[in-house]
Amino acid sequence: MSQFDDHDAFEAASRPSLSQRAMAPRPSPYLDGLNPAQRLAVETLDGPVLLLAGAGTGKTRALTTRIAHLLMQGRATPGRILAVTFTNKAAREMKDRVARLLGETVEGMPWLGTFHSISVKILRRHAELVGDGTLHLKPGFTILDTDDQIRLLKQLISAENIDEKRWPARQLAGLIDGWKNRAMTPARVPAGESHAYDGRGVALYAAYQRRLLELNAVDFGDLLLHCVMIFQAHPDVLAQWQERFRYILVDEYQDTNVAQYLWLRLLAQGHRNICCVGDDDQSIYGWRGAEVGNILRFEGDFPGAQVIRLEQNYRSTPHILAAASGLIAANKGRLGKELWTEAEEGEKIRLIGHWDSEAEARWIGEEIEAFHGGHRHSIGQRSLNDIAILVRASHQMRAFEDRFMTIGLPYRVIGGPRFYERQEIRDAMAYFRLAVSPTDDLAFERIVNTPRRGLGPKALQTIQRESRDRGLSLLQGAAAALAAGALSGKGAAGLRQLVEQMGRFHADALDSRASHTDLAERILDETGYTEMWQNEKSPDAPGRLDNLKELVKALEEFDNLQGFLEHVALVMDTPEGEQAEEVSIMTLHAAKGLEYPIVFLPGWEDGLFPSQRSMDESGLKGLEEERRLAYVGLTRAEELATISFAGNRRLYGQWQSSLPSRFIDELPEDHVEVLTPPGLYNGGFGAAAQPFAQSSMHDRASHADVYNSPGWKRMQDRAAARPAPVHRAPIIIDAEPAARFAVGDRVFHQKFGTGSIMGIAEDTLTIQFPAGFKTVKANYVQPAATAAPDVTPDDVPF
DNA sequence: AACATCGCCTTTTTT
DNA sequence: AGGCGATGTT
């Protein structure tokens, strides 16, 4: 509301100083050190610009400097620049860097943010324009996340008597998201797609939208969709925003979906100063609605657009770049870029095959220890923070976690379950939501019987009936049901208490004098929610209590509960604590935008990578997106990239053998070194290679590049030169591991640290750690203060 | 209403 | 394998 006034006031106040500085004829120091292309990108301010920025070419630098330049030249005040990113992280980084460039002289960039956060701001101003004569959105709408969305859809599905087993809510949610991504309201869904979801998809979509309006709620897709619909239906509103945004900048343009594209195009039609930055080769989100076509079509959409290419790479060595470029060259319909670098040649990409996924994890673990210890290559001693493992699918992480756990190698998984998605956090948030808006039925349903109050499905049904009949929210309906005596026994008492408590909490939430952190604590304590976890004996209960404490602490940064709730709805970020040295493990998707000196790329096997499903569902398009994913992975590496594949991998509990990825064949030979694998038995890779080579689906010829490469031959030769494996008694490491320990032994555990064994039961140890007694599987600890009993492949007869 | 068991499905992920 | 959800059992 007052946002506009604030910004205008701010602009008026800041204008003189900015234009004064623009008057000064002296050179702008923030432009120093830009290469010619970057400089062009910064200084081409008028008209549409497409900035094709390859991996590691200083894209963010160009973008932030461009913003700084706009401000310093007096072209625009901060409030007139729209800068859009996809993630909160990117938005944060951009804000920080602009501030740094300008020496903190510019306070805020109110319109620098994610598509969604900016859409919320716009939508709050015009909420009433969404809906029809009878029902419309109100500015205080709540934003539902995926979880709420699914639960809502389930209700609608069961109301329609649809068998949710045959037609899962997830599928419907995906369908609706897909439509919203393409800016389709129920009325605009093309007839050809109306057969979806047993022919009832569109009707359910309409019902869902109706229900959202009743709840005064929107989902993530709506944030964009509603904005687009408002812009299209209300030219006056659109004109106002077009006028405001004199300059528009878009990051990661290749990831925009149709709705975002329309949103941008509508806004940009005002001043036509739009600068889109992207890289068609890094488009990896097609499966969630991104349209590479948007970037490929840019010049057609914005006639007279200038296309600027950033091609000098500041990140990777020539070998890495050449390998990545060679790989991506197999894709069709690219805009085309040629990355080059002045960096030292460095080491070739390394390629290695393993017998199975466990051997792969073992080998990578050893490599990392070698790098960390400093006894390997010209690479020198390395921090674990310099090393990343990038996998295609998250289930691959497990092998690494297991292995690193046993050898005590610190690691962290990036992009794991997010803080605000944890059950206890979502429960607590539901309590807060209900306190702030007593009409939030989804929040009510979530917590009404958590902790247990004796209110099962039957009681909930009664409440729902009561609410529906009287046109009340569930919380009000619950009060009515109690008054009417429709409930009895334990449930009635519990519900009565809850209703009373929420009434008090709501009053306090509205009282600006009351401390909202105190209120939050009281809510969790008085409702018995904290107590529920205190009484819970499961091993993760203490962690959950910690998380609740952290949640309350996070509240301190906000003025009130409302502000906090809005923040969390849009910024589902884990509060990042600075950690000690750790190897990073993440998916290739999560790695986009990051860089590491040393990168491991395991699991390059056909079916896993490229993913079979991707190819089945999207054919050549899918394969090309997978290839871009490989390109993204390779270009994360600064100094050394190591690709590996395993002949056998456990998938869904079943061992499956597989073939090296077709992407391996596409790597230019000259830039790849094929390593001698640490054979399963005395390095005999010939045997390990068998399953790859003998498949009827893929004959050897298709892997000629690899198998005929010098490295490969050398490897085979060495294997042949070795004496036949000697079968020794197996050194069994996992059976009865507890036998390795005795009561009183000092042991080390990755998470809990060093402790003393207090008890042994089969493979389960009870250990006193600094943090208290824990019961852990023996596999996860190792003797303290001595090196892990490292099992080299040679020790394990096959 | 709370707990146990069975069967199903399984990429990638942000907001 | 394993996690989840929907059933069946106490």
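Criteria and thresholds
Residues numbered from 1 in each chain as written. Chains lettered and ligands numbered in written order. Predicted model: local features only at pLDDT ≥ 70, side-chain atom pairs only at ≥ 80, totals over all residues. Heavy atoms only, no water. UniProt positions renumbered as here; feature names shortened; annotations may be inferred. Helix = DSSP H or I, 4+ residues; strand = E, 2+ residues; numbered from the N terminus. Expected span 1.5 Å × (residues − 1). Contact = heavy atoms within 4.5 Å. Near = heavy atom within 4 Å. Polar contact = N/O pair within 3.5 Å; in protein donor to acceptor, adjacent residues only side chain to side chain. Nonpolar A, V, L, I, M, F, W, Y, C, P; charged D, E, K, R; others polar. Buried < 20%, exposed > 50% of the residue type's maximum accessible area, 1.4 Å probe, protein only. Pairing = 2+ DSSP bridges. Axes fitted to C-alpha atoms, helices over the stretch in contact; angles between N-to-C directions.

As annotated in an unreviewed UniProt entry, chain A is DNA 3'-5' helicase from Paracoccus alkenifer. UniProt, in the comment section headed Sequence similarities (unreviewed entry), describes chain A in these words: "Belongs to the helicase family. UvrD subfamily." We quote the UniProt Function (unreviewed entry) comment for chain A here in full: "Has both ATPase and helicase activities. Unwinds DNA duplexes with 3' to 5' polarity with respect to the bound strand and initiates unwinding most effectively when a single-stranded region is present. Involved in the post-incision events of nucleotide excision repair and methyl-directed mismatch repair."

1. Here we look at helix 21 (residues 489–510)
Between its terminal C-alpha atoms helix 21 stretches 32 Å, which fits the 32 Å expected from 22 residues at 1.5 Å a residue. Contact partners of the buried residues in helix 21: helix 17 (423–436), helix 18 (441–447), helix 19 (457–470), helix 20 (474–483), helix 22 (516–526) and helix 25 (561–570).

2. Focus: the protein's contact with DNA strand B
Near DNA strand B you find 25 residues, and of these Ser-394, Arg-418, Gly-456, Thr-587 and Arg-613 are the closest. Among atoms of DNA strand B positioned within 4 Å of the protein, sugar and phosphate together represent 51%. With respect to DNA strand B, the side chain of Thr-146 contributes an N or O atom lying 3.3 Å from a base oxygen. Of the residues contributing to the surface near DNA strand B, the split by class is 7 nonpolar, 12 polar and 6 charged.

3. Some points on unusual backbone geometry
Note the cis peptide between Thr-450 and Pro-451, where omega equals 0 degrees. Take Pro-451: it is sitting in the loop between helix 18 and helix 19. With an omega dihedral of 5 degrees, the bond running from Phe-609 to Pro-610 counts as a cis peptide bond. Topologically, Pro-610 is positioned in the loop between strand 13 (596–601) and helix 27 (612–634). Positive phi, close to 60 degrees, is recorded for Arg-272, a residue that is not glycine.

4. Here's the deal with the protein's contact with DNA strand C
The environment of DNA strand C is formed by Glu-164, Arg-398, Tyr-652 and Gly-653. Interatomic distance of 3.1 Å between a side-chain N/O atom of Arg-398 and a phosphate oxygen of DNA strand C. Its residues placed into classes, the surface near DNA strand C shows 1 nonpolar, 1 polar and 2 charged.

5. Observations concerning the pairing of strand 12 (residues 583–587)
In terms of burial, strand 12 is largely enclosed, as 5 of its 5 residues are buried. Burial of the side chains of strand 12 extends over both faces: Val-583, Ile-585 and Thr-587 are buried on one face and Ser-584 and Met-586 on the other. As judged from the 4 bridges shared by strand 10 (residues 387–391) and strand 12, these two strands associate in the parallel manner. The partner of Ile-389 across the bridge, within strand 12, is Ile-585.

6. Some thoughts on the sheet that holds strand 7 (residues 274–278)
One open sheet holds the 6 strands; their spatial order is 3-2-6-7-1-8, and the pairing between them is parallel. For this open sheet the edge positions go to strand 3 (112–114) and strand 8 (306–310), each flanked by a neighbour on one side alone. In this sheet, neighbouring strand axes are inclined to one another by 15 degrees on average, regardless of whether the strands run parallel or antiparallel. Direction of pairing for strand 2 (residues 81–85) relative to strand 3: parallel, over a ladder of 3 bridges. Residue pairing for strand 3: Thr-85 is matched across the bridge by Thr-114.

7. Some words on helix 9 (residues 220–233)
Its 14 residues give helix 9 an end-to-end C-alpha distance of 21 Å, which sits within 8% of 20 Å, the value for a rise of 1.5 Å per residue. Helix 9 sits mainly inside the fold: 11 of its 14 residues count as buried. The set of residues buried in helix 9 consists of Gly-221, Asp-222, Leu-223, Leu-224, Leu-225, His-226, Cys-227, Val-228, Met-229, Ile-230 and Phe-231. If you check the start of helix 9, you find a side-chain oxygen 3.1 Å away from the backbone N of Gly-221, and it comes from Asp-219.

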